[in-house]
Amino acid sequence: MISEALMIFTLVSIWISLLMSMTTLGGAIHFWLQKSQELVYITPLPSYPKVTIVVPAHNEEIVIAQTVRAILDLHYPAERVEVLLFADNCNDRTAQEMRRIADLPQYRSREVKIIERVGSGGKAGVLNDALNIAHGEYIGVYDADAMPETNALYFLVKKLNEDPARYMAVFGRNKTRNAKQNFLTKCINQEIVVTQRVQHCAIWHMFKIGRIPGTNFIINRDFAKSIGGWSDGALTEDTDISFKIMQSGKLIALAYNSEAFQQEPERVHDYYFQRLRWAKGNYQVVTRNFTVLFKPSNWRVKLEVVYYSAIFFWFNAAIVLSNVIFLANICVLIARAFEPNLAIPFTFGDSNSSLMQILLLNWLLMIVLYMLQISFALSTQYGQATTDQIWISLASYFTYSQLFILVSLHAVLSVFLDAVLHRNGSVWVKTKRFND
Amino acid sequence: MITSFWWVSIIITLLFFISIAVIFVCQWIVYFRIERTALAQMKLNEKEGKRR
């Protein structure tokens, strides 16, 4: 009875999670059926607010030069752009590389300040420092490895101009510039494309909910100050400030044409610890905001808390349980070769055969849905939906996507131990950069 | 309970099938529209480039 109840709980949970995925995918499909026929015209904007672009860089000598060049080459009036380059607690040539580019003849007249910062707070600390010295009406943020496309800022401001009173922040997307490097980066690329072309587009289209991605976004400077800026030392300062913006009733708009190109981890070790930081940070933000579900507050925040809580706690638990059930049954089936009297721990008794066939079919359909989601996301990018990507998505289902279970469990345990043992959980593991 | 669950499974599986079929068709529509729009965008960008 208990084993049947556990199996039913697991399966119903997974079905509900798939319903959520399909709802999101449905929203994305509706969005792209409209947008896929729109041509993009680069026409003068009604206004060009001054934007202070901030680049927080910690030991980024390999990639910073390309990013600074890309920022200074943005298609936006030069006199309306202030650039603050922070070499944050660096012990390499990051600041020298920044100076080398800023001193080039074509950029000497530009408003560029290089700050060699020694302080705490990580990226959030840098952004808060920038808030205090910026002259722009908006703060734009690009990570050291995130090269903006020429019109990235143009599209962000174009979206902002649609409703500057409500849109306190606007974000674009970040493409993987080393996508073809190895199997890991190919899988990361697929995941990021699904996140940006399906999830971000769907939740903006359906609910006007946006999620600041950490790079390639702008935020109203005065508004950011009024909500207390970024939380110093936050592991995911982007999720944290997204919740603060929504709590205030303002919106984070999506400019889906604004693009930047960033490097993703090329080694499993770097990938694992990056995702661990994101998972821990998101757990911290969700648990901190959990009480809003029971208080009068912005409905978008409640929806996001429900979404994140369901994904991180409920559905993860169901997936872990389903893996335990699967492994337990497999182990007993193998052991039956030596001990035929062993009872399979998780079955449905006499109805077993037909139910197991239906459930096996569901399992196969889940794989198909996973691949279809990736295929749809890639089809929204010209030249990306290839046959190779289908095989990669099939392989990633059994490999890359299973890593998330480990990351998730590790993150929960880590957050719990940080609380119990009063540890400093806000430790960043630097992602290795590559000269591309 | 198991009999009810069996019927629930059948219905959900059928809904799954139908949804996947719809998504598959929509994906191809979006794919062709994106390709067509991208080519038109390239021609437009070329024309604007020449005009400047």
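Model, not experiment: these values are computed from the prediction.

Novice: Any details on the layout of surface pockets? Residues and values, ideally.
Specialist: Approximately 810 Å³ is the volume found for the second largest pocket. If you trace the second largest pocket, you find 29 residues lining it, with Val40, Asn257 and Glu259 of chain A together with Gln41 and Asn45 of chain B closest to the centre. Counting residues per element, the ones that place at least two in the lining of the second largest pocket are helix H1 (2-35), strand S6 (167-176) and strand S8 (251-262) of chain A together with helix H1 (2-51) of chain B. With nine residues, H1 of chain B is the largest single contributor of residues to the lining of the second largest pocket. Looking at the lining of the second largest pocket residue by residue, the class counts come to 10 nonpolar, 10 polar and nine charged.

Novice: An account of the confidence of the model for chain B is requested, with residue identities and associated values reported.
Specialist: One rule of thumb: low pLDDT means the predicted coordinates there are not for detailed reading. Put simply, chain B has an average pLDDT of 88, and 94% of its residues get 70 or more. Across the predicted assembly, pTM comes out at 0.90 and ipTM at 0.91.

Novice: Which residues make up a nonpolar patch on the surface, and what values do they have?
Specialist: Taken together, the side chains of Leu360, Leu361, Trp363, Leu364 and Phe398 of chain A together with Phe17, Ile18 and Val22 of chain B make up a nonpolar region of the molecular surface, amounting to roughly 740 Å² of accessible area. When contributions to the nonpolar patch are tallied by element, the ones reaching two or more residues are helix H11 (352-379) of chain A together with H1 of chain B. The dominant element in the nonpolar patch, judged by the number of residues it contributes, is H11 of chain A, at four residues. Relative to the assigned elements, Phe398 of chain A resides in helix H12 (residues 387-398). When its relative accessible area of 43% is taken as the criterion, Phe398 of chain A is described as partly exposed.

Novice: Can you lay out the pattern of salt bridges for me, pointing to particular residues and giving the numbers?
Specialist: All names here are of chain A. According to the stated counting rule, one finds 17 salt bridges over all chains in the structure shown. A salt bridge links Glu111 to Lys50; the shortest N-O distance between them is 3.0 Å. In this pair, Glu111 is assigned in strand S3 (residues 111-117) and Lys50 in the loop between H1 and strand S1 (51-57), connecting sequence segments 61 residues apart. Residue classification places Lys50 among the buried residues on the basis of a relative accessible area of 15%. One salt bridge connects Asp143 with Lys123, and the closest N-O pair in it is separated by 2.8 Å. Here Asp143 is found in the loop between strand S4 (138-141) and strand S5 (147-148), whereas its partner Lys123 is found in helix H4 (residues 122-133), with 20 residues between them in sequence. The two residues Asp143 and Lys123 agree in class, both being buried. What emerges from the salt-bridge pattern is a single network uniting Asp88, Arg117 and Asp129.

Cut-off values and rules
- Residues numbered from 1 in each chain as written.
- Chains lettered and ligands numbered in written order.
- Predicted model: local features only at pLDDT ≥ 70, side-chain atom pairs only at ≥ 80, totals over all residues.
- Heavy atoms only, no water.
- 1 Å grid on protein atoms, 1.4 Å probe; cavity = no way out; pocket = protein on both sides within 12 Å on 5 of 7 lines; lining within 4 Å.
- Points joined across faces, edges and corners; volume = space filled by probe spheres on them.
- Helix = DSSP H or I, 4+ residues; strand = E, 2+ residues; numbered from the N terminus.
- Nonpolar A, V, L, I, M, F, W, Y, C, P; charged D, E, K, R; others polar.
- pLDDT = per-residue confidence, 0-100.
- Patch = residues over 30% accessible without salt bridge, like charges linked within 9 Å, V, L, I, M, F, W, Y side chains within 5 Å.
- Areas by Shrake-Rupley, 256 points an atom, 1.4 Å probe, with all protein chains shown as cover.
- Salt bridge = Lys/Arg side-chain N within 4 Å of Asp/Glu carboxyl O.
- Buried < 20%, exposed > 50% of the residue type's maximum accessible area, 1.4 Å probe, protein only.

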